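Per-entry structural report
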Amino acid sequence: MDTQDIEPPEAEPAADAPDTMERPAPQRRWWWTLPAVSAAQLLVVLDGTIVNIALPSAQSALGMSDANRQWAITAYALAFGGLLLIGGRISGALGHRRAFVVGLVGFAVASALGGAAVAPGMFFGARALQGVFAALLAPAGLSLLTMTFTESRERGRAFGVFAAVGAAGSALGLVAGGLLTEYASWRWCLYVNVPVALLAVLGTTFVPPDRPDRPVRGGGRLDIAGALLSATGFAAVVYAFNEAEPLGWTAPKVLALLAGGVLLLAVFAAVEVRAPRPLLPMRVLLHRARAGAFLSITLMFVAMFGFYLFMSYYTQTVLGYSPVRAGLTLIINALAALLGSTLIAGRLHGRVAPAALILPGLLAAAAGMFVLTRLAPQSTDILRLHLVPALVLTGLGLGCVMPPTASLATADLHRNDVGAASAAYNAVQQLGAALGAALLNTIAASATASHLASAPDATPTAASVHGYTTALTVGFGILLAAACVAAGCGAPARRQGRGSTSR
């Protein structure tokens, strides 16, 4: 199919309300809005992984049981994923800058409580509270970026930096978690958020102000039914993905959670079609270009979070790396993502078709996955011949995919819908990350067990490598499927030369 035929999103009808966003000089917007939003994005993404490395130390210090320790991760994921759509609507109702500040302050307070925790319940509660404020912070930040940077060139640079932070955040979380746990204390994996959040709050004093969304046709009340259905539906699906890892996909608990979550989300979609002011207007999802961006980034995250899990296990259990060395190895991926999002995607935004960034990015990441599928127990010079090429290619791919998909997710929307679109973009990333880690870990574990059963003389290391390469082969296929989705049904190909947000 010729991707030049795919049109970018058409602008939604503008409201009677005039544009309420002040327009400071482009350089002022660049130097204050972007660092503040990027710092918030770093906090949100970092805390998805930084606690993973610190968890064994926290478990020992607080006396967590093996059965309950997962809630340090799950509590954050459930609150964040379940409340994102509500956070997007609240952000619009409060005004995106005000919601951004509330999210930052709340996230800092929750982080301080977690770092000072004296019992498992306090720690889990603080992690859930972090997720609550992250669900407000993430859509507010992306909305501010969308509404502040409207010219094509500056928008490309801004989304490039924003995406670089998001792409590198997970890897940096593993590095920072290892370093802080080893040389300071596991508590600093939470305390470190406080100064970053406070600096971002100071930066928001220079961010252009915006006013709360004006209700359309009198529909000013929060969509309570939609809020409850989306929160419980997303939480059930995310929890099912988390439980699938230890219990297996056929466990009754997992199947019940998945079925219940999917049913709730289906009812949510039916309610939103009829709601006077829906939490997530269906026009946000049903546009071909925007849907392509959502599907592309979801599949990308499914594959990449399985990849990060593989890198963590393979480098430590097979190669014998320390947690710090394993985390530092991922810096290669973070640097490649930084280069891809700023030097390639950021500079080319508006000059080439979005598909000219998304498709090569997905294929580059797929090539990186394919390199690792060729690993064998007897492979030599693994870092130079396998790990470095894979980390560079996947990083470049992720860096090229995130800026155009983030831009397309919020492009040419009525300002009342920007918060909902930003929340939906973050929500699909959360679902992809949760599904990817659970799915590919389950595939790896099953392949390892099957290999040991079919080849009794195989060593545990050989079986583990077989499991990892099997899972990565699935990840490779997922990225190819994402490329097909982007080319065939979603990623627009014409240049985005005009502003992105209807005022």
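Below is a summary of the structure that appears in this document. (Residues numbered from 1 in each chain as written. Predicted model: local features only at pLDDT ≥ 70, side-chain atom pairs only at ≥ 80, totals over all residues. Heavy atoms only, no water.)

This next bit is on the nonpolar core. Membership of the largest hydrophobic core comes to 122 residues, with the highest contact counts inside it found for F100, L104, M300, F307, L362 and L372. Filtering out sequence-adjacent residues up to four positions away, F100 remains in contact with A36, V37, A40, L137, A140, G141, L144 and T204. Within the second largest apolar cluster, 15 residues are counted, among which are A54, F123, F124 and W186. (Core = buried A, V, L, I, M, F, W, Y, C linked by side-chain atoms within 4.5 Å. Buried < 20%, exposed > 50% of the residue type's maximum accessible area, 1.4 Å probe, protein only. Contact = heavy atoms within 4.5 Å.)

Attention shifts here to helix α9 (residues 224-247). The end-to-end C-alpha distance of α9, which contains 24 residues, comes to 33 Å, matching closely the 34 Å that a straight helix rising 1.5 Å per residue would cover. Phi turns positive, to about 95°, at G248, one or two residues after α9. (Helix = DSSP H or I, 4+ residues; strand = E, 2+ residues; numbered from the N terminus. Expected span 1.5 Å × (residues − 1).)

The next subject is the pattern of salt bridges. Counted under the stated rule, the structure contains four salt bridges. Between K253 and E243 there is a salt bridge whose closest N-O contact spans 3.1 Å. With a gap of ten residues between them, K253 in helix α10 (residues 252-274) and E243 in helix α9 connect regions that are remote in the sequence. For D417, the salt bridge identified is with R283, shortest N-O distance 2.8 Å. A residue pair is termed long-range when its members are at least 10 positions apart, and D417 in helix α17 (residues 415-454) and R283 in helix α11 (residues 282-286) qualify at 134 residues. Accessibility expressed as a relative area gives 2% for D417, which makes it buried. (Salt bridge = Lys/Arg side-chain N within 4 Å of Asp/Glu carboxyl O.)

Counted under the stated rule, the structure contains 15 aromatic pairs. Geometrically, the ring pair formed by F310 and Y314 is stacked, given 5.2 Å between the ring centres and 20° between the ring planes. Here F310 and its partner Y314 are both found in helix α12 (residues 288-318), four residues apart, which amounts to about one turn of the helix. Of the two residues, F310 and Y314, both sit in the buried class. By way of ring pairs, the aromatic residues F301, F305, F307 and Y308 are connected into one cluster. Here the guanidinium or amino end of R325 rests over the ring plane of Y321, the centre of that ring lying 3.9 Å away. (Phe/Tyr/Trp six-rings, centres within 6.5 Å; stacked < 30°, edge-to-face > 60°. Lys NZ or Arg CZ within 6 Å of the ring centre and 35° of its normal.)

A word on the packing of helix α14 (residues 331-348) against helix α16 (residues 382-410). For the pair α14 and α16, the least separation of the axes is 7 Å and the interaxial angle reads 40°. In terms of orientation, α14 lies oblique with respect to α16. Here the hand of the crossing between α14 and α16 comes out right-handed. Residues I332, N333, A336, A337, L339, G340, S341, I344 and A345 of α14 touch α16, and the partners they reach there are V388, L391, V392, T394, G395, L396, G399, C400, P403 and P404. A breakdown of the residues in the contact of α14 with α16 according to their chemical character gives 13 nonpolar, six polar and no charged. (Axes fitted to C-alpha atoms, helices over the stretch in contact; angles between N-to-C directions. Parallel < 35°, antiparallel > 145°, perpendicular 65-115°, else oblique. Left-handed = near helix turned anticlockwise from the far one by under 90°. Nonpolar A, V, L, I, M, F, W, Y, C, P; charged D, E, K, R; others polar.)

On the surface, a cluster of nonpolar side chains totalling about 530 Å² of accessible area is made up of V105, V109, L113, V118, M122, L129 and V132. Among the elements of the structure, α4 (96-115) and α5 (120-148) are those that each provide at least two residues to the nonpolar patch. Along the chain, V105 turns up in helix α4. (Patch = residues over 30% accessible without salt bridge, like charges linked within 9 Å, V, L, I, M, F, W, Y side chains within 5 Å. Areas by Shrake-Rupley, 256 points an atom, 1.4 Å probe, with all protein chains shown as cover.)

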